[in-house]
Amino acid sequence: MKRPPLETEEERQWVIQYALPPVLLDVLERDIRTLDTLKLKMPLVYIRSLRRVQDRVACELSVLRGKLRARGIRIYDQRRTKEELEALFLCRGYHRKCSIPWDLVKAQVQRKLGSYLDIDVAQ
C-alpha cells in the first residue's frame, strides 16, 4: 500500500513562513507600546507606520493560511521554547514538527520587517 508523501520542501517553507508573523506582530506591538511611552515630538507618525505594517503582516498571514488549507495542512500548535520556535502541524494525516532556532527567527523577522519598511537590514 502506498503511503501519502510527507510535506514537500515548499510546504515546509510555508509552515515556517506561517510561524514567523506572530513573532513579528508581538515585536511590533511591544515597540508600539514603547513608542507610546517616550517623549517624542511626533509619536503618532511612528505608531501609525508600525500599525500599517501590522495590517500588512496580518493580510499576508491570511493569504498563507489559505494556501496551507488548500494543501490540507493545519498548524495546530506553536510553541516558543528557550532554544527555538516550534510549529506542530498535520499534513496529509501525519503529525509533523518544524523547529526554527531563535537566531534564525530573529534574522528572518528583522529581514521581513526591513522589507515592509523598505530598508536594508543587512548585517
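Below is a summary of the structure that appears in this document. Quick caveat: nothing in here was measured; it's all calculated off a predicted structure.

## Quick look at the sheet that holds strand β1 (residues 73-80)
In step 1: Overall, antiparallel pairing links the three strands, which are arranged β1-β2-β3 in an open sheet. The open sheet has two edge strands, β1 and β3 (94-101), and neither has a second partner. Shown here is a sheet whose adjacent strand axes are inclined to one another by a mean of 20°, direction ignored.
In step 2: Together, β1, β2 (84-91) and β3 form the strand contacts of helix α1 (residues 9-37), whose direction differs from that of β1 by roughly 45°.
In step 3: Sitting on the sheet, helix α3 (residues 102-116) is in contact with β1, β2 and β3, with an inclination near 80° to β3.

## Details of the environment of T37
In step 1: Note on placement: T37 falls in helix α1.
In step 2: On the basis of relative accessibility, which here comes to 61%, the residue T37 falls in the exposed class.

## Some points on helix α2 (residues 43-70)
In step 1: Here α2 spans 41 Å end to end across 28 residues, near enough to the 40 Å set by a 1.5 Å rise per residue.
In step 2: Residues of α2 that are buried include every one of I47, L50, V53, Q54, V57, L61, L64 and L68, and no others.
In step 3: Looking one or two places after α2, you find G72, whose phi comes out positive at around 75°.

Cut-off values and rules
Residues numbered from 1 in each chain as written. Predicted model: local features only at pLDDT ≥ 70, side-chain atom pairs only at ≥ 80, totals over all residues. Heavy atoms only, no water. Pairing = 2+ DSSP bridges. Helix = DSSP H or I, 4+ residues; strand = E, 2+ residues; numbered from the N terminus. Axes fitted to C-alpha atoms, helices over the stretch in contact; angles between N-to-C directions. Contact = heavy atoms within 4.5 Å. Buried < 20%, exposed > 50% of the residue type's maximum accessible area, 1.4 Å probe, protein only. Expected span 1.5 Å × (residues − 1).

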